[in-house]
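# Geometric and topological summary
What follows is the residue order along each chain.
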Amino acid sequence: MTYTRTHVSQIVEGIQSVQKSLIQVIVGPRQVGKSTAAYQIADALKWPVHIASADSPTPLLPDWIEGHWSTAELKAKEG
C-alpha cells in the first residue's frame with residue numbers, strides 16, 4: 001500500500017476546476033513530500049506533465065526556465 005500525501009486530492013480537484021494550461025507550483029520546506037505529492041497528482045490526473053525541481057544552491061538562470069518550459073510544451077502537444 002502506498003501512502004498518499006494529505007493534500008493530493010484537494011490539489012487534484014483544484015487543478016481540474018481551472019484551465020489546464022496554468023502552471024502549478026508546489027512550494028514548501030525541504031523533505032516534506034512535495035515531489036511525492038507532485039508525482040501522485042500527475043498519476044491521478046493522467047495528463048502529460050513535466051516535473052522539475054528548482055531546489056538549487058545557486059540561482060537558476062533564465063535558460064533553465066526556458067528549457068523546462070519547452071519540455072512542458074512538447075509533452076502537452078504529445079498528450
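Located above this text is the structure these notes cover.
Residues numbered from 1 in each chain as written. Predicted model: local features only at pLDDT ≥ 70, side-chain atom pairs only at ≥ 80, totals over all residues. Heavy atoms only, no water.

Turning next to the pattern of salt bridges. Considering all chains together, one arrives at two salt bridges under this definition. Notably, a salt bridge pairs Lys46 with Asp43, separated by 3.4 Å at the nearest N-O pair. For the pair Lys46 and Asp43, one class covers both residues: exposed. (Salt bridge = Lys/Arg side-chain N within 4 Å of Asp/Glu carboxyl O. Buried < 20%, exposed > 50% of the residue type's maximum accessible area, 1.4 Å probe, protein only.)

A contiguous nonpolar surface patch, about 470 Å² in accessible area, is contributed by Ile23, Val25, Val27 and Trp69. Within the secondary structure layout, Ile23 lies in the loop between helix H1 (8–16) and helix H2 (34–45). (Patch = residues over 30% accessible without salt bridge, like charges linked within 9 Å, V, L, I, M, F, W, Y side chains within 5 Å. Areas by Shrake-Rupley, 256 points an atom, 1.4 Å probe, with all protein chains shown as cover. Helix = DSSP H or I, 4+ residues; strand = E, 2+ residues; numbered from the N terminus.)

Taken as a whole, the largest pocket encloses approximately 1,600 Å³ of empty space. For the lining of the largest pocket, the elements supplying multiple residues, two or more each, are H1, H2 and helix H3 (62–78). A per-class count over the lining of the largest pocket returns 25 nonpolar, 12 polar and six charged. Estimated volume of the second largest pocket: approximately 160 Å³. Surrounding the second largest pocket, Arg5, Thr6, His7, Val8, Ile11, Ile26, Val27, Val32, Gly33, Lys34 and Ala37 form its lining. Of all the elements in the fold, those that place two or more residues in the lining of the second largest pocket are H1 and H2. Its residues assigned to classes, the lining of the second largest pocket shows six nonpolar, three polar and two charged. (1 Å grid on protein atoms, 1.4 Å probe; cavity = no way out; pocket = protein on both sides within 12 Å on 5 of 7 lines; lining within 4 Å. Points joined across faces, edges and corners; volume = space filled by probe spheres on them. Nonpolar A, V, L, I, M, F, W, Y, C, P; charged D, E, K, R; others polar.)

Residue position: Thr71 is located in helix H3. We classify Thr71 as partly exposed; its relative accessible area is 29%. Once the C-alpha coordinates of Thr71 and Val49 are considered, the two residues, 22 residues apart in sequence, prove to be 9.4 Å apart. One polar contact links the side chain of Thr71 to the main-chain carbonyl oxygen of Gly67, over a distance of 3.0 Å. (Polar contact = N/O pair within 3.5 Å; in protein donor to acceptor, adjacent residues only side chain to side chain.)

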